[in-house]
Amino acid sequence: MTNVKWAFEDFEEGASIPLGSKNVTAAEIIDFASQFDAQPMHLDETAGKASILGGLSASGWHTCCMFMRMMCDAFLLDSTSQGSPGIDYVRWKRPVLAGDTLTGSSTVTAKRESASRPGLGFVTCRHELRNQRGEVVAELQNTGMFLKRGAAA
Amino acid sequence: MSPLDRFFRLGETVTLGSHTFGSEEIKEFARKYDPQRFHVDEAAAERSVFGRHCASGWHTCAMWMRYNLAHREDTHAQPWDGPGPRPQFGPSPGFEKLKWLKPVYAGDTITFTRRAVAHRALASRPGWRLMTLMCEAFNQDGDKVLEFESAVLIQAG
């Protein structure tokens, strides 16, 4: 764990970490929705077009899950992450439609060392997901827990 | 209490259902959306901060939605005696103050609840209201594992 790229010390306030791009397929939208959010606009193109979302659209929870995977691939899997106590807010700003390509960023807004657990720190990030037109589709903020480099042995 | 408050059971904590999280479904979800080692590998989980194989927090959230949706269909099927057409749930603009209070371990049985806290008219969208829901989940020992405040649009009046 000591040789991972991202430990607590490596997150700098104000720094923005790019998230890779993610193509959203109809099959993935339907797969997620059929398990967790089986509403017509998440399962069927015609029903989606008839809804206020304007097409076959991902469940908001699916968008959160796609964001999580993008964050895992961008830095979390190569970090000293100890999980997260929660999410301050999620705003679903625009529909995520089949065929969209998502990109995003995680910007460090604050960091502090734990008072009760030496070697652990909290990193707060504001995250943004955008579609291929550059429109923000989701905004969220959360705090993650990361070990310091020396504590990660 | 107005017909709308009764229809949405304002102030009442409604049990949505219970789900036992199996090890395989935890891994299947995590491989797609959250492949951190403590979600996809039992042995690695035992060496991690969580101490045992546990579900992605997003998996717990998604499961809350599954049971919430099943209950929503029951809500829509109720008789409606108020003025105007029967109210309908619409899309959600988001949620806030989400806390993963305890891990959901493989084998845990989680019970999901929701409570309609308040609703108000939207000046920008006549015929729509914004409802706030307190959403929670508890394990088999009664410990709260998840809470968040959700907002949802409702079409009413």
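Every value quoted in this text rests on a predicted model; they were computed, and no experiment measured them. (Residues numbered from 1 in each chain as written. Chains lettered and ligands numbered in written order. Predicted model: local features only at pLDDT ≥ 70, side-chain atom pairs only at ≥ 80, totals over all residues.)

Peer 1: For this particular structure, what's the right way to read the overall build of chain A?
Peer 2: Helix and strand content of chain A: four helices and five strands. The helix and strand sequence of chain A, counted from the amino end, reads β-α-α-α-α-β-β-β-β. Considering only C-alpha atoms, chain A reaches an extent of 55 × 30 × 25 Å along its principal axes. Taking all 153 residues of chain A together, the buried fraction comes to 38%. Taking the contacts inside chain A whose residues are at least 6 apart along the sequence as the reference set, 71% of them involve residues at least 24 apart. (Helix = DSSP H or I, 4+ residues; strand = E, 2+ residues; numbered from the N terminus. Buried ≥ 20, exposed ≤ 12 C-beta atoms within 10 Å, placed from the backbone. Contact = placed C-beta atoms within 7 Å.)

Peer 1: Explain the overall build of chain B here, please?
Peer 2: When you go through chain B residue by residue, the secondary structure sums to five helices and six strands. What you see in chain B, going N to C, is helices and strands ordered as α-β-α-α-α-α-β-β-β-β-β. For chain B, the C-alpha atoms occupy an extent of roughly 60 × 30 × 20 Å along the three principal directions. For chain B, with 157 residues in total, the buried portion stands at 36%. Long-range pairs, those at least 24 residues apart, make up 66% of the contacts in chain B between residues at least 6 apart in sequence.

Peer 1: Can you help me understand helix α2 (residues 23-33) of chain B in this one?
Peer 2: Every α-helical turn comprises 3.6 residues, leaving residues that sit three or four positions apart pointing alike. The set of residues buried in α2 of chain B consists of Ile26, Phe29, Ala30 and Tyr33 of chain B. Down the axis, α2 of chain B shows its buried residues gathered within 95° of arc, on one side only. Facing away from the buried side of α2 of chain B by over 90 degrees, the exposed positions are Glu24 and Arg31 of chain B. Contacts from the buried residues of α2 of chain B go to α4 (60-74) of chain A together with α3 (37-40) and α5 (57-76) of chain B. (Arc of directions from axis to C-beta.)

Peer 1: Is there a simple way to explain the interface of chain B and chain A in this structure?
Peer 2: Frequently, the measure chosen for interface size is the accessible area removed from exposure when the parts meet. Counting residues at the interface gives 21 residues for chain B and 28 residues for chain A. Looking at the side of chain B that touches chain A, the elements with two or more residues in it are α5 and β3 (94-100) of chain B. Sheet analysis places strand β2 (residues 86-92) of chain A next to β3 of chain B, joined by five bridges and oriented antiparallel. Bridged to Val90 of chain A within β3 of chain B is Phe95 of chain B. (Pairing = 2+ DSSP bridges.)

Peer 1: Before we go on, may I ask you to explain α4 of chain A in this structure?
Peer 2: Here α4 of chain A contains 15 residues, and its C-alpha end-to-end distance of 21 Å stays within 8% of the 21 Å for a straight helix at 1.5 Å per residue. Counting buried positions along α4 of chain A yields 13 of 15 residues, so the element is predominantly enclosed. (Expected span 1.5 Å × (residues − 1).)

Peer 1: Is there a simple way to think about the pairing of β3 of chain B in this case?
Peer 2: For a regular strand, side-chain orientation follows a simple rule: the groups alternate between the two sheet faces. As judged from the five bridges shared by β3 of chain B and strand β6 (residues 144-155) of chain B, these two strands associate in the antiparallel manner. In the strand pairing of β6 of chain B, Lys99 of chain B is matched with Glu147 of chain B.

Peer 1: Would you mind showing me how to read unusual backbone geometry here?
Peer 2: In terms of backbone geometry, most residues other than glycine have negative phi values and most peptide bonds are trans. All names here are of chain B. Of note in this structure, Arg9 is not a glycine but carries a positive phi near 55°. Mapped onto the elements of the fold, Arg9 is located in the loop between α1 (3-7) and β1 (13-20). You will see that Lys97, though not glycine, has its phi angle at about 55°, which is positive. Here Lys97 shows up in strand β3.

Peer 1: Sorry if this is basic, but what is going on with the nonpolar core here?
Peer 2: Across soluble globular proteins, nonpolar side chains show a tendency to be buried alongside one another. Formed by 67 residues in total, the largest nonpolar core has its most connected members in Cys65, Phe67, Met68 and Met71 of chain A together with Ala62 and Trp64 of chain B. Examining the composition of this core, we find that nine residues originate from one element, α4 of chain A, more than from any other. In terms of nonpolar packing, the next biggest core, distinct from the first, is built from seven residues, Ala7, Phe8, Phe11 and Phe146 of chain A among them. (Core = buried A, V, L, I, M, F, W, Y, C linked by C-beta atoms within 7 Å.)

On their own, these measurements won't tell you what the molecule is for.
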